[in-house]
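# Summary of the model geometry
The chain contents come next:
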Amino acid sequence: MKYYLIAGEASGDLHASCLMHALKRHDPEAEFRFIGGDLMAAEGGTCVRHYRELAYMGFIPVLRHLPTILGNMRMCKRDIARWRPDALILTDYPGFNLSVAKYVKAHTDIPIFYYISPKIWAWKEYRIKSIKRDVDRMFCILPFEIDFYEGRHGYPIDYVGNPTVAEVDSFLASRNPSDTVSCKPVIALLPGSRRQEIKDNLPAMLEAASVYTDKYAVVVAGAPGIEPDYYHDVIGERCNEVTILHGQTYRLLASSAAAVVTSGTATLETALFDVPQVVCYKTPLPKLVSFLRRHLLKVRYISLVNLICDSEVVRELVASSFSVENIRGELGAILPGTAGAARMKEDYRKLRERLGSGDAADNAARLIVGRIVAKE
């Protein structure tokens, strides 16, 4: 059967590639066409656009690249209609994916599956109307999403487990324990996968961690799809003080004693590697953003770790609380041997219990293939 997949950023590329791998187990004749990245390309099929051409974040970058974004959207809709896949599979990235879903639902009979829900439970909850209208089945990876979709909105979903659990455990099982990134204990900096995130967050992360370089090596996780020169431009004269590991985030986390992480899937990955962390996210107009966060966001936390546990397991420094001093202080409180590190690791154990151990990609692939076959 033919599968068309869309993933608009690095984390989506990872999760969609695992789903493609699982689909091949359940459907040996699987053919793929996709918008995604290098990991998806490694699974085979035709990449019609790399996610680098889609991943714009923030009002000004999106406005500046609007013709490109709209052009890619038109191209994608035409390409799906022309190729006529047996299923369209969307991964997160709601602004783009929900527009494509609306078109495909209105103009074709192609079944539409959503693997990894967009975070509409945090904001833009109105998107539930589009999802209920255009998405045939939603496969969720966060346990609290069951109550949001089914309890609050009467929209049946499938919780398939969390793919990050299987991905981290697979890496740890195959890892050589002697493979470390430094002879010194490591503080990992994970500044995000988008250019704007890196530009906004990395300089403060570096400055905050710099006071610990007598005992720790500071290592930056370079995101797939971001060229090394960009990090050098952002870091400037600090290039000689740090190491940048490109596309080796799991190897870095497996070697780390503590981490400073920009909110996103990386916060969950860091927890699953049992690495104490501080979460930080710089925003423009921080006082205004803090006010809007208190009054407009539907959730109390921004990091997946805290959302899943429904408590502040990791410290979140966002908007008005984001500062070099705050990051430095919170980082010092979770270094090895501290009470903060011990408490956080105990909370991580509870996090794993909530997530369960199911293979999300395999569960989703089995359900997708089964639904297509049943339809035929």
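This section reports on the structure supplied with the text. Computed from a predicted model, the values in this text were never measured in an experiment.

Thresholds, definitions, all that
Residues numbered from 1 in each chain as written. Predicted model: local features only at pLDDT ≥ 70, side-chain atom pairs only at ≥ 80, totals over all residues. Heavy atoms only, no water. Pairing = 2+ DSSP bridges. Helix = DSSP H or I, 4+ residues; strand = E, 2+ residues; numbered from the N terminus. Buried < 20%, exposed > 50% of the residue type's maximum accessible area, 1.4 Å probe, protein only. Right-handed = clockwise from strand over helix to strand, strands pointing away. Phe/Tyr/Trp six-rings, centres within 6.5 Å; stacked < 30°, edge-to-face > 60°. Lys NZ or Arg CZ within 6 Å of the ring centre and 35° of its normal. Arc of directions from axis to C-beta. Contact = heavy atoms within 4.5 Å. Polar contact = N/O pair within 3.5 Å; in protein donor to acceptor, adjacent residues only side chain to side chain.

Turning our attention to the sheet that holds strand β3 (residues 46–50). Two strands in a sheet stick together by hydrogen bonds in their backbones, pointing the same way (parallel) or opposite ways (antiparallel). Across the sheet, seven strands lie side by side as β3-β2-β1-β4-β5-β6-β7; this open sheet has parallel pairing. Unpaired on one side and paired on the other, β3 and β7 (158–159) mark the two borders of the sheet. Relative to β7, strand β6 (residues 137–140) runs parallel, the two being bridged by two bridges. Opposite C140, over in β7, you have Y159 as the bridge partner.

Summarising burial for strand β8 (residues 186–190): five of the five residues are buried, a large majority. Side chains V186, A188 and L190 project from β8 onto one buried face, and the interleaved I187 and L189 project onto a second face that is buried too. For the segment spanning β8, helix α9 (residues 195–209) and strand β9 (residues 217–222), crossover handedness is right-handed. The pairing of β8 with strand β11 (residues 256–262) spans five bridges and is parallel. In the strand pairing of β11, I187 is matched with A258.

Let's shift gears to the packing of aromatic side chains. The geometry of two aromatic rings is summed up by the distance between their centres and the angle between their planes. According to the stated counting rule, one finds 10 aromatic pairs in the structure shown. With a centroid separation of 6.2 Å and 65° between ring planes, the pair formed by Y4 and W83 is classed as edge-to-face. Placement of Y4 in strand β1 (residues 2–7) and of W83 in helix α4 (residues 66–83) is noted, with a sequence separation of 79 residues between them. Side by side, Y4 and W83 carry an identical accessibility label, which is buried. The interplanar angle of 55° and the centroid separation of 5.9 Å between the aromatic rings of Y149 and Y155 together place this pair among those described as tilted. The pair Y149 / Y155 is uniform in exposure class, with both members buried. An aromatic cluster is defined as three or more aromatic residues linked by ring pairs; in this entry it consists of F148, Y149 and Y155. When the ring centre of W83 is taken as origin, the NZ or CZ atom of K2, which lies over that ring, is 4.7 Å away. In this arrangement the basic side chain of R195 is found over the ring face of Y230, its NZ or CZ atom lying 5.0 Å from the centre.

With that out of the way, let us pick up helix α7 (residues 145–153). Those residues of α7 lying buried are E145, F148, Y149 and H153. End-on view of α7: buried residues confined to an arc of 85°, all on one side of the axis. With respect to the buried face of α7, the exposed residues turned more than 90 degrees away are D147 and G151. Where α7 ends, the next residue or the one after it, G154, has phi of about 60°, a positive value.

Once that is clear, we can look at the environment of L39. Within the secondary structure, L39 is located in helix α2 (residues 38–42). Overall, L39 belongs to the partly exposed group, its relative accessible area being 42%. Spatially, the C-alpha atoms of L39 and G222 are 16 Å apart, while their sequence positions differ by 183 residues. Setting aside its immediate chain neighbours within four residues, L39 contacts D13, L14 and S17.

The next thing to look at is the side chain of S303. Relative to the elements of secondary structure, S303 occurs in the loop between α13 (286–296) and α14 (304–309). Residue class for S303 comes out buried when judged on its relative accessible area of 0%. Side chain to side chain, S303 and E316 meet in a polar contact 2.8 Å long. Ignoring sequence-local partners within four residues, the contact set of S303 consists of S263, T267, V279, V314 and E316.

Moving on: unusual backbone geometry. Even without glycine at this site, I116 takes up a positive phi of about 85°. Secondary-structure assignment places I116 in the loop between β5 (112–115) and α6 (128–134). Accessibility expressed as a relative area gives 7% for I116, which makes it buried.

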